[in-house]
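Here is how the chains run, residue by residue.
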Amino acid sequence: MGRPATGQTKVMGFRPPKPLRDEFEQLAAAEERTPSDALIEAMHDWIKKKRREREAADGPA
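Residues numbered from 1 in each chain as written. Predicted model: local features only at pLDDT ≥ 70, side-chain atom pairs only at ≥ 80, totals over all residues. Heavy atoms only, no water.

A.B. asks: How should the overall build of the protein be read in this particular structure?
C.D. replies: Each helix and strand counted, the protein has two helices and zero strands in total. Buried positions account for 3% of the 61 residues belonging to the protein. By element, 55% of the accessible surface of the protein is carried by carbon and sulfur atoms, the whole surface being about 5,900 Å². (Helix = DSSP H or I, 4+ residues; strand = E, 2+ residues; numbered from the N terminus. Buried < 20%, exposed > 50% of the residue type's maximum accessible area, 1.4 Å probe, protein only. Areas by Shrake-Rupley, 256 points an atom, 1.4 Å probe, with all protein chains shown as cover.)

A.B. asks: Just checking my understanding: could you explain the packing of helix α1 (residues 18-30) against helix α2 (residues 35-58) for this structure?
C.D. replies: Describing two packed helices takes the angle between their axes plus the distance from one axis to the other. Their axes nearest at 9 Å, the elements α1 and α2 cross at an angle of 100°. Classed by the angle they form, the pair α1 and α2 counts as roughly perpendicular. On α2, the residues touching Phe24, Glu25 and Ala28 of α1 are Pro35, Ala38 and Leu39. Its residues placed into classes, the contact of α1 with α2 shows five nonpolar, no polar and one charged. (Axes fitted to C-alpha atoms, helices over the stretch in contact; angles between N-to-C directions. Parallel < 35°, antiparallel > 145°, perpendicular 65-115°, else oblique. Contact = heavy atoms within 4.5 Å. Nonpolar A, V, L, I, M, F, W, Y, C, P; charged D, E, K, R; others polar.)

A.B. asks: Got a minute to help me understand the pattern of salt bridges in this structure?
C.D. replies: One side chain can pair with another of opposite charge once the charged atoms of both are near each other. In the structure shown here, the tally under the stated rule is six salt bridges. We note a salt bridge from arginine 33 to glutamate 31, for which the minimum N-O separation is 3.9 Å. By relative accessible area, glutamate 31 is classed as exposed at 55%. We note a salt bridge from glutamate 41 to arginine 33, for which the minimum N-O separation is 2.5 Å. (Salt bridge = Lys/Arg side-chain N within 4 Å of Asp/Glu carboxyl O.)

A.B. asks: Where do I start with unusual backbone geometry in this structure?
C.D. replies: Trans is the prevailing form of peptide bonds, just as negative phi is the prevailing case for residues other than glycine. Of note, glutamate 32 is a non-glycine position whose phi angle comes to about 55°, a positive value. Relative to the helices and strands, glutamate 32 resides in the loop between α1 and α2. Overall, glutamate 32 belongs to the exposed group, its relative accessible area being 76%.

A.B. asks: Which parts of the structure should I look at to understand the environment of leucine 27?
C.D. replies: Structurally, the position occupied by leucine 27 is in helix α1. Taking the relative accessible area as the measure of exposure, leucine 27 reaches 52% and is therefore exposed. Each C-alpha atom, one on leucine 27 and one on alanine 38, is 9.3 Å from the other, the two residues being 11 residues apart in sequence.

In structure tokens:
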């Protein structure tokens, strides 16, 4: 999954608790990834999880 060109997407801001942010930044750096790339992956994973949960709750089609 590639990153869109600068200025083509809306910027999101939030304030995570410092211990969470510190650990997140350390893990991203250890994997030689930007925090932005790691957050985008986490958002994709969370959306997939929520879709599966909704599909399971709706029952078989």
